[in-house]
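One-letter residues, chain by chain:
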Amino acid sequence: MTLILDMLTSAAILFIVATGLLTIFGVLKIINFAHGAWLTVGAYCAVATAHMGLNPWLALPLAFAAGAVLGLLTERFIVRPLYSRPLDAILATWGLGIVIGQLITLWFGRDVQFTANLIPGTVDLLGTTYSAYRLFALVAAIALGLGFSYLMEGTRLGLSARAVIMNETLARALGLDTAKIRTVTFMIGTGLAGLAGVLLTPLTSTDPTMGVAWLVGSFMLVMVAGQSFGALALACLLLGGAQVIVSTYVSPILGGITVAVLAAIILRISPKGFSRA
Amino acid sequence: MKIPKIISLVTGVMLAGTAMAQDGEPIKIGVPVGLSGANSVVAPSVVQAAELAVDEINAAGGVLGRPLELVIADDGSGAVGAQKAFDSLVYRDEVDVLISMETSAARNAGMPIVTRGQVPYIYTSFYEGKACSPYLFVNAWVPEQQVPPVVDYLMSEESKTYFLVGSDYAFGRGMLEFARNYIEATGGEVVGEEYLPMDGTDWTSIISQLKSSGADALITSTAGGAPNVTLTKQLRGAGVDLPYANLAVDEGTAKNMGADAKDILISASYITGIDSEENRAFLAAMAEKFGDELRTPNDLSVPQYEAVYLYKAAVEKAGTTDTRAVLDALKDVSFAGPRGVISMSKQHHAPLTMYLGKVMADGSVEVVDAFEAVDPGNQCPNL
């Protein structure tokens, strides 16, 4: 039972971390390697909230806003000239990630920072005691996934975004302001990364390099998932679940590389990953 | 008419000279330390401790009438930076002694330079043990001193089965290997031993195994800083409330972790709460000298402070800064510092009083037990 909960919640955490990256990759076809840095910015929003003595839950909207505003600036000044050169965009965002990491170090110092746990304690569930926060993460991941499905399927913005994904030239010819759609999508992606950073704080230490560890995993998942949120959820369940099984029955050290190895194998067999688009 | 003026001027200068009591060339102390890289969090506290010791000694007249002077060099916390730092300290600055807290990688990289340059080297960081050289002295703990107090205490609290968790690197594995042998030798049983890479963040499956193992107690030895915090947060999140001894957490980190750190057992040769005249005086002097800039003194910075005084005692005993004579004297001298009376008398290592501390709900560390003069064991039988 604990194993199943471990698998589900691990997948949920991976999903939360990877959504921001998928949003940007899905619509803009850009791999945002500054994703780890936005996660870190989000986590430091939680630190700042704690310093100001505010309710720790306020860090969530604060981090989304901070991520979105920084995303706006990044898209306008760094990423926009590079849409036709995706490889250069990888370099530029990777460099940006390093710069943000250093700025955070200058501002907050290299030390590990501490934040209050959003939901401490455990709950009794089906005969086992389990971390309340991990169960909350599962709920949060589902809410995030459903919210995003609604955004993409049920709103005007989602319709426009899907039009850009399918055929950008045609979308522009039909009078859609594709530049604006790109900006808004990028902002949502970085905002989600900031949000994910706050949600990670009860699980990990907060330090200037915390995002890097999560970047590789989410990059692999997004490569496997392609452009669809359903595929991302599937990838997280399969790969995250496999990671827990390997860690439990073989070795936690091998478990740490399970996601990367499986992703490589999946992409070798099926270059488009799980995406049918 | 003019002559008395000159005389009075000359005597004035001489008086000023004797007032400072230090006409000689300064004695240079080289401090290679990790101002950047992994040790950068703790290095400032080490430098502060060295500065206080030098200030105090100079204010009291120096050593053999000569003032002490610190030469700090960044070793980048690793081997490459250490080679540069040791090279420039030994050959360019021509320091009389090296006193420093460093990573094991940096120490190993610096040793050939120390041997070639023939400089006494006092190493002030706890480490995995068995580093031996005629030039090297160590005044901090080795596993033989740190692990037994923790295990003995847990045994006395009726913990018979243990689960060990660590980061996958030399120090983490070395400490837990020692812990496993000691537990088995004293009649306990290890029911699980698991590691995660140093940059690993997901302890989920290890925690689930710990919970299903039925262990009475948990002993961890992760890399300092982030992995330690991550593991503790996830343990508390999963509701683990077993007796929990952490071989790698320092007092400051434990304080900052707040409620999550409550009831963690730590084993150290220095805890700020040590109730002695020397420790109170040391803490007061640090607070007065550094004010708001003060980094909390800790198990890595206090040995640095004491090592400067041990070197002073050795030079005074030898009557010279000559390497051979100082090395001979370092074996015999002792200094009563914040950690008690320290003497590097056992094969260049120091018997130490080890403190078992428990983190309280408000983050302070309370001394549960003190183990006096814990022997470092046979670290260097050939010395």
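Per chain, residue numbering runs from 1 following the sequence as it is written. By the order in which they are written, chains take letters starting at A while ligands take numbers starting at 1. Only residues with pLDDT of at least 70 get local features here, since the model is predicted, and only at 80 or more are side-chain atom pairs given and counted; chain-wide, interface and lining totals rely on the full set of residues.

As named in an unreviewed UniProt entry, chain B is Branched-chain amino acid transport system substrate-binding protein, taken from Antarctobacter heliothermus. Within the UniProt record for chain B, the comment given under Sequence similarities (unreviewed entry) is "Belongs to the leucine-binding protein family." UniProt positions are given in the numbering used here, feature names are shortened, and annotations may be inferred rather than shown by experiment.

The name recorded for chain A in an unreviewed UniProt entry is Branched-chain amino acid transport system permease protein, from Antarctobacter heliothermus. Regarding chain A, the UniProt comment filed under Subcellular location (unreviewed entry) reads as follows: "Cell membrane". As stated in UniProt under Sequence similarities (unreviewed entry), the record for chain A gives "Belongs to the binding-protein-dependent transport system permease family. LivHM subfamily."

Explanation requested: unusual backbone geometry in the structure shown.
Of all residues except glycine, most have a negative phi; of all peptide bonds, most are trans. All names here are of chain B. Its identity is not glycine, yet Gln-118 carries a phi of approximately 55°, on the positive side. Numbering of helices and strands starts at the N terminus; helices are DSSP runs of H or I of at least 4 residues and strands are runs of E of at least 2. Along the chain, Gln-118 falls in the loop between helix H4 (104-117) and strand S4 (121-123). Labels follow a simple rule on C-beta atoms placed from the backbone: if 20 or more others lie within 10 Å of a residue's own, it is buried; if 12 or fewer, it is exposed; otherwise it is partly exposed. Exposure remark for Gln-118: the 12 C-beta atoms within 10 Å place this residue in the exposed category. Even without being glycine, His-348 reaches a positive phi, approximately 70°. Structurally, the position occupied by His-348 is in the loop between strand S12 (340-342) and strand S13 (352-359).

Looking at this model, I keep getting lost on the pairing of strand S10 (residues 264-268) of chain B. Mind explaining?
Each regular strand shows side chains that alternate between the opposite faces of the sheet. Residue and element names in this part refer to chain B. A large share of S10 lies buried, amounting to 5 of its 5 residues. Judged by which residues are buried, S10 turns out to be covered on both faces: Ile-264, Ile-266 and Ala-268 on one side and Leu-265 and Ser-267 on the other are all buried. Strand pairing is defined by DSSP finding a minimum of two bridges between the two strands. The pairing of strand S9 (residues 244-246) with S10 spans 2 bridges and is classified as parallel. The residue bridging Tyr-244 from the neighbouring strand is Ile-264, located in S10. For a crossover, the right-handed case is the one in which the path from the first strand over the helix to the second runs clockwise, viewed with the strands pointing away from the viewer. For the segment spanning S9, helix H9 (residues 251-257) and S10, crossover handedness is right-handed.

I keep staring at the environment of Leu-176 of chain B and nothing clicks. Help me out?
All names here are of chain B. With respect to the secondary-structure elements, Leu-176 resides in helix H6 (residues 170-185). According to the C-beta neighbour criterion, Leu-176 is buried, with 26 such atoms within 10 Å. When the C-alpha atoms of Leu-176 and Thr-220 are compared, they prove to be 7.8 Å apart, with 44 residues separating the residues in sequence.

Before we go on, may I ask you to explain helix H7 (residues 204-213) of chain B in this structure?
Residue pairs spaced three or four apart in an α-helix point in one direction, given the helix's 3.6 residues per turn. All names here are of chain B. The buried fraction of H7 amounts to 7 of the 10 residues, a majority that puts the element mostly inside the structure. Taken together, the buried positions of H7 are occupied by Thr-204, Ser-205, Ile-206, Ile-207, Ser-208, Gln-209 and Leu-210. The first or second residue beyond H7 is Gly-214, which carries a positive phi of 70°.

Before we go on, may I ask you to explain the nonpolar core in this structure?
Across soluble globular proteins, nonpolar side chains have a tendency to be buried as a group. Residues and elements named next belong to chain B. The biggest cluster of nonpolar side chains holds 117 residues, and the ones touching the most others in it are Ile-99 and Leu-310. It is helix H11 (residues 301-318) that provides the largest number of residues to this core, a total of 8 residues. Each domain's extent was defined by an automatic or database domain assignment. Taken domain by domain, the makeup of this core includes at least three residues from each of domain 1 (9-141 + 274-350) and domain 2 (144-268 + 357-374). Each residue gets a C-beta atom placed from its backbone, and two residues are in contact if those atoms lie within 7 Å. Non-local contacts of Ile-99, meaning those with residues more than four positions away in its chain, are made with Ile-29, Val-31, Ala-50, Ile-122, Thr-124, Gln-304, Ala-307, Val-308 and Tyr-311. Each nonpolar core consists of buried Ala, Val, Leu, Ile, Met, Phe, Trp, Tyr and Cys residues. Their C-beta atoms, within 7 Å, join them into a set.

Help me understand the interface of chain B and chain A in this model?
Accessible area lost when the parts come together is the quantity often used to give the size of an interface. Contacts between the two partners involve 29 residues from chain B and, on the opposite side, 27 residues from chain A. Counting only elements with at least two residues in the side of chain B that touches chain A, the list comes to strand S7 (189-196), H7, helix H8 (226-237) and H9 of chain B. Broken down by element, the side of chain B that touches chain A gets its largest block of residues, 6 residues, from H8 of chain B. Amino acids outside the nonpolar list (Ala, Val, Leu, Ile, Met, Phe, Trp, Tyr, Cys, Pro) and the charged list (Asp, Glu, Lys, Arg) are all regarded as polar, and Gly is one of them. In terms of residue class, the side of chain B that touches chain A is built from 9 nonpolar, 15 polar and 5 charged.

Explain the packing of helix H5 (residues 132-154) of chain A against helix H6 (residues 156-166) of chain A here, please?
The packing of two helices is summarised by the inter-axis angle and the distance between the axes. Residue and element names in this part refer to chain A. Under this scheme, a helix contributes an axis fitted over its contacting stretch, all axes are lines through C-alpha atoms, and angles between N-to-C directions fall in the 0 to 180 degree range. Contact pair H5 / H6: the axes reach a minimum separation of 5 Å and the direction vectors enclose 75°. When the axis of H5 is compared with that of H6, the two are roughly perpendicular. Side by side, H5 and H6 meet where Leu-151, Met-152, Glu-153 and Gly-154 of the first sit next to Leu-157, Gly-158, Ala-161 and Arg-162 of the second. Across the contact of H5 with H6, the residue classes break down as 4 nonpolar, 2 polar and 2 charged. Any angle between 65 and 115 degrees counts as roughly perpendicular, while under 35 counts as roughly parallel, over 145 as roughly antiparallel, and the rest as oblique.

Before we go on, may I ask you to explain the UniProt feature "transmembrane region" (unreviewed entry) in chain A in this structure?
Residues and elements named next belong to chain A. When the UniProt feature table is mapped onto this chain, "transmembrane region" (unreviewed entry) is found at residues 12-34, 54-74, 86-108, 132-152, 181-200, 212-239 and 246-269. As a span, residues 12-34 carries 74% helix and 0% strand, and end to end its C-alpha atoms are 22 Å apart. Measuring from the first to the last C-alpha atom of residues 246-269 gives 21 Å, for a span that is 92% helix and 0% strand.

Just checking my understanding: could you explain the sheet that holds strand S5 (residues 136-138) of chain B for this structure?
Strand pairs in the sheet, formed through backbone hydrogen bonds, run parallel or antiparallel to each other. All names here are of chain B. One open sheet holds the 5 strands; their spatial order is S2-S1-S3-S4-S5, and the pairing between them is parallel. Taken across any chain shown, the strands that pair with only one partner, and hence form the sheet edges, are strand S2 (68-74) and S5. Strand after strand, the sheet turns through a mean of 25° between neighbouring axes, direction not considered. With 3 bridges connecting them, S4 and S5 associate as parallel partners. Within S5, the position partnered with Ile-122 by the bridge is Phe-137. The sheet contacts of helix H2 (residues 43-59) involve strand S1 (27-33), S2 and strand S3 (97-100), and relative to S2 the element is tilted by about 165°. The strands touched by helix H3 (residues 79-92) within the sheet are S1, S2 and S3, with S2 carrying the most contacts at an inclination of about 150°.

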